[in-house]
Amino acid sequence: MTILDNDNSTPTPSATPALAFYGKMLTFSRLQFSTDDLSAIEAQLAETLSNKSSNIPILIDSEVEQDLSALVELLWSWGLQPIGVVTGVLDAQAREQRLAIFPADGKRIERILPSKKPTAQVNKASEAKSTESTSTNDVAAASEPALETATETTIANIPAETLVSAEHITSLIYDQMLRSGQSLNHVGGDLILTNSVNSGAEAITDNSLHVYGRAQGRLVAGATGDKDARIFCQVFNPSLVSVAGTYCLRDNLPEHVIDKPVQVRFIEGQGLVFTVMDDA
């Protein structure tokens, strides 16, 4: 969990860490390329852009091989700022040029985990399963070799699915009001706010978000790409709502959901779907 107060500009030098990870909603444009012909690309940029000073951050999405270095230079010359690529055929070139590689649609960004923590959790899960299987004397003898093998398990030979299921998913309950300028970011489980989110604040989680007070500010669920994440609010009136990277601003919200108990979810092909829970 990370709680940031953007109004606090006087940190104590002795207690200030060298760095801190935190979540922030940013909007990027995504350029999809169907050709590697730079002349054709530049011609279409000339038709599309009215000037060369837009400074728009963009993601490069291409299903065909590109000369990535030349493409990046071309985009910069038109006032666009490439920050990375969508994973695919350009991954190797992106690594060479130190550009970010973003997951494809519907894929989660992998979390950074301590190297030893998952091992201990997997071992405990294996021991628990072995304990259940030894409830009778007949099964106990057969379970001993399996238990011995489990205690020697390392990260290298555990399937990714096992790591995910073994890691404890921890929901966070936050009882205080989230005030303007504050950002609450939780990774690894649902974020549950029993109080309100004021205008100018933001609540971000990679799972589902629950707000039992008045929900204003910026509400973000599925921040790392989880399309099964949802947002539940008792009084729904946010300045921005986002699920799995698909967002909607206050001016575009359906009028009938304002100040109502609302569920927000993402449905493929439809985008964000807003449901008044009284009518559900």
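Looking only at helices and strands, one finds six helices and 16 strands in the protein chain. For the protein chain, buried positions account for 37% of its 280 residues. By sequence separation, contacts in the protein chain at least 24 residues apart represent 41% of the contacts at least 6 residues apart. Carbon and sulfur atoms provide 51% of the accessible area of the protein chain, an area that totals close to 16500 Å².

Moving on, we come to the environment of Glu96. Residue placement: Glu96 occurs in helix H3 (residues 91–96). The class for Glu96 is exposed, based on a relative accessible area of 66%. Note: C-alpha distance between Glu96 and Ser69 (27 residues apart in sequence) is 9.8 Å.

At a minimum axis separation of 11 Å, helix H1 (residues 38–48) and helix H2 (residues 68–77) run at an interaxial angle of 20 degrees. Classified by the angle between their axes, H1 and H2 sit roughly parallel to one another. As for the relative orientation of H1 and H2, their crossing is right-handed in sense. Contacts from Leu38, Ile41, Glu42 and Leu45 in H1 reach Ala70, Leu71, Leu74 and Leu75 in H2. Looking at the contact of H1 with H2 residue by residue, the classes come out as seven nonpolar, no polar and one charged.

Inspection of the entire model under this criterion finds four salt bridges. The salt bridge partner of Asp61 is Arg30, with a shortest N-O separation of 2.9 Å. Residue Asp61 is located in strand S3 (residues 56–62), and its partner Arg30 is located in strand S2 (residues 29–33); the two are separated by 31 residues in the primary sequence. Of the residues examined, Asp61 reaches a relative accessible area of 11% and is grouped as buried. Residue classification places Arg30 among the partly exposed positions, given a relative accessible area of 37%. The partner of Arg214 in a salt bridge is Asp259, and the shortest N-O contact between them spans 3.0 Å. Within this pair, whereas Arg214 is found in strand S10 (residues 209–215), its partner Asp259 is found in the loop between strand S14 (246–249) and strand S15 (262–267), the two being separated by 45 residues in sequence.

What counts and what doesn't
Residues numbered from 1 in each chain as written. Predicted model: local features only at pLDDT ≥ 70, side-chain atom pairs only at ≥ 80, totals over all residues. Heavy atoms only, no water. Helix = DSSP H or I, 4+ residues; strand = E, 2+ residues; numbered from the N terminus. Buried < 20%, exposed > 50% of the residue type's maximum accessible area, 1.4 Å probe, protein only. Contact = heavy atoms within 4.5 Å. Areas by Shrake-Rupley, 256 points an atom, 1.4 Å probe, with all protein chains shown as cover. Axes fitted to C-alpha atoms, helices over the stretch in contact; angles between N-to-C directions. Parallel < 35°, antiparallel > 145°, perpendicular 65-115°, else oblique. Left-handed = near helix turned anticlockwise from the far one by under 90°. Nonpolar A, V, L, I, M, F, W, Y, C, P; charged D, E, K, R; others polar. Salt bridge = Lys/Arg side-chain N within 4 Å of Asp/Glu carboxyl O.

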